[in-house]
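Spelled out from the first residue to the last, the chains are:
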Amino acid sequence: MSEHIHHLTPGRLQDPEAGYAGLRDGEGLPLVVLPGLRTPVRLVTRYEDVKAALTEPRLIRDRSEVPGGVDGPDAQEELLEPLGGLPSEYVRYVSGHLAFFDGEEHARRRAPLTRAFTARRIASLRAFVEETVARLVGELAGQEEADLLNEFAYPLATSVICELVGVEEADRDRVCEWIRDFAYGDGSRMSDGLAGIVEYVKSLIARRKTSPADDLITALLEGAREGGADALTEDEIVAMVFLLINTGITPPALFLAHAVLALLDHPDQLARLRAEPELLDRAVPELLRHVTLLRIGASMYATEDFAFAGTELRKGEAVSVALLAANHDPAVYGGTPGRLDITREAERGKVHLAFGHGAHYCIGAALGSLVTGVVFDLLLVRRAVPQLAVAREDLEFGHWPGDGFHLLRLPVRL
């Protein structure tokens, strides 16, 4: 008898409890087809198994590196199908995403970025973040309806990542539009968005070669000039900056909107945060856990036949991790993992996996936590609570292939 395949819907994928009922409780790893895709993958849903998968050397990101090669359909390739229509001269900048590399090559590409992404550089952005949040809130306050996603979260995320990277202020709105065309539109302007970003980054690199600044592009260029085994080529720097801008705008903006909505959905928790602002240090990781914007991680492939999490994996078989399910695992978070609790403290070794785990842990985690804390403080604690400008059931959501639903707008009155 053939194994049962679970066909997941966006609604099921984003439901941390009922959505994974029957998937988390079995002995092995279920076969699932993610929303909008065709090819089944093994889905890892339990917290400890997800952590183990993300550090398992026999599970790799680059399918072409599986010994002997792998034939047949691939869910990850299906997700990347829209890139097939992109001009070939630009595709290499997308395929240079750190998530698609393993081992020494991943370490080589990541090391210069880690050195440039210093704690000092992140901490120095706090004043800029605070000024930007205050300005945006001030501009939206008093409007009959303000869109907290498109008029606040997107401009904020754009300003912050552009300040870090070195994108000049006059160019930031245009950069945001390019990223949204590439990553968040209907696909009709994907090529234009990618080309716009790549050509802009190339021009910015050229300017920084003659006019260095205290920004991340300059730091990467200095590292390349110094040489060394992990020095990046100019094309790799373009790919790295494109990665930072792409992942530094859309995911943080969507997370902020969903996190604010989660607190509005839990007024008791918001009231407690307002009464006890010192709980911000717990509220930020709890919202990251509760929301877990990236519900499903990138595909990984078995390099050999081996047993993992109660399942005999075959060489080349695809495995995906359900980060949202892991972050709501009752074995770790008790009998009420779906409850938002801003007083929750993670046990040692049981921190949330919203930023991943292991070698691919999100390099922007510290920046994301800083921005989230400032937003909660200035938007939700120090001023009147925002009110939804539409009925909760009238909020608009959309979804991408392989994922759950995401807000399209968050209309509020500030």
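A few points on the structure. In this text the structure is predicted, and so the values were computed from the model without any measurement.

Considering the sheet that holds strand β1 (residues 5-7)
In step 1: The strand order across the open sheet formed by six strands is β1-β2-β3-β9-β6-β4, and the pairing between neighbours is mixed. Each edge of the open sheet carries a strand with a single partner, namely β1 and β4 (59-60).
In step 2: As paired strands, β1 and strand β2 (residues 31-33) are joined by three bridges and run parallel to one another. Looking across to β2, one finds that Ile5 is bridged to Leu31.
In step 3: Relative to the sheet, helix α2 (residues 47-54) contacts β3 (41-44), β4, β6 (300-302) and β9 (318-321), its axis offset from that of β9 by approximately 125°.

Some remarks on unusual backbone geometry
In step 1: One non-glycine residue, Thr292, lies in positive phi territory at about 40°.
In step 2: You can call Thr292 buried: its relative accessible area is 0%.
In step 3: Look at Ala309: it is not a glycine, yet its phi comes out positive at around 50°.
In step 4: Along the polypeptide, Ala309 turns up in the loop between β7 (306-308) and β8 (311-313).

Digging into the packing of helix α11 (residues 216-226) against helix α12 (residues 234-265)
In step 1: Two numbers describe how α11 lies on α12: the axes approach to 11 Å, and their chain directions differ by 155°. By the angle between their directions, the pair α11 and α12 is classed as roughly antiparallel. As α11 packs across α12, the resulting crossing turns out to be right-handed. Across the interface between the two elements, Leu216, Ile217, Leu220, Leu221 and Ala224 of α11 pack against Ile237, Val241 and Leu244 of α12.

Some points on the pattern of salt bridges
In step 1: A full pass over the atoms with the stated rule returns 36 salt bridges.
In step 2: A salt bridge links Glu81 to Arg38, with the nearest nitrogen and oxygen atoms 2.9 Å apart. Of the two residues, Glu81 is situated in the loop between α3 (75-79) and α4 (88-95) and Arg38 in the loop between β2 and β3; the sequence distance between them amounts to 43 residues.
In step 3: Judged by its relative accessible area of 57%, Arg38 falls in the exposed class.
In step 4: Salt-bridge contacts for Asp377 lead to Arg382; the nearest nitrogen and oxygen are separated by 3.0 Å.
In step 5: A cluster of three or more residues bridged by salt bridges with shared partners is formed by Glu3, Arg42, Arg314 and Glu317.

What about α4?
In step 1: Those residues of α4 that sit buried are Tyr90, Tyr93 and Val94. Viewed end-on, α4 has its buried residues packed into an arc of 100°, placing them on one side of the element.

Points about the pairing of β3
In step 1: Alternating residues of β3 divide into Val41 and Leu43 and Arg42 and Val44, and every residue in both groups is buried.
In step 2: Where β3 and β9 come together, three bridges link them in parallel fashion. Pairing of Leu43 across the sheet is with Ser320, part of β9.

Rules behind the numbers
- Residues numbered from 1 in each chain as written.
- Predicted model: local features only at pLDDT ≥ 70, side-chain atom pairs only at ≥ 80, totals over all residues.
- Heavy atoms only, no water.
- Pairing = 2+ DSSP bridges.
- Helix = DSSP H or I, 4+ residues; strand = E, 2+ residues; numbered from the N terminus.
- Contact = heavy atoms within 4.5 Å.
- Axes fitted to C-alpha atoms, helices over the stretch in contact; angles between N-to-C directions.
- Buried < 20%, exposed > 50% of the residue type's maximum accessible area, 1.4 Å probe, protein only.
- Parallel < 35°, antiparallel > 145°, perpendicular 65-115°, else oblique.
- Left-handed = near helix turned anticlockwise from the far one by under 90°.
- Salt bridge = Lys/Arg side-chain N within 4 Å of Asp/Glu carboxyl O.
- Arc of directions from axis to C-beta.

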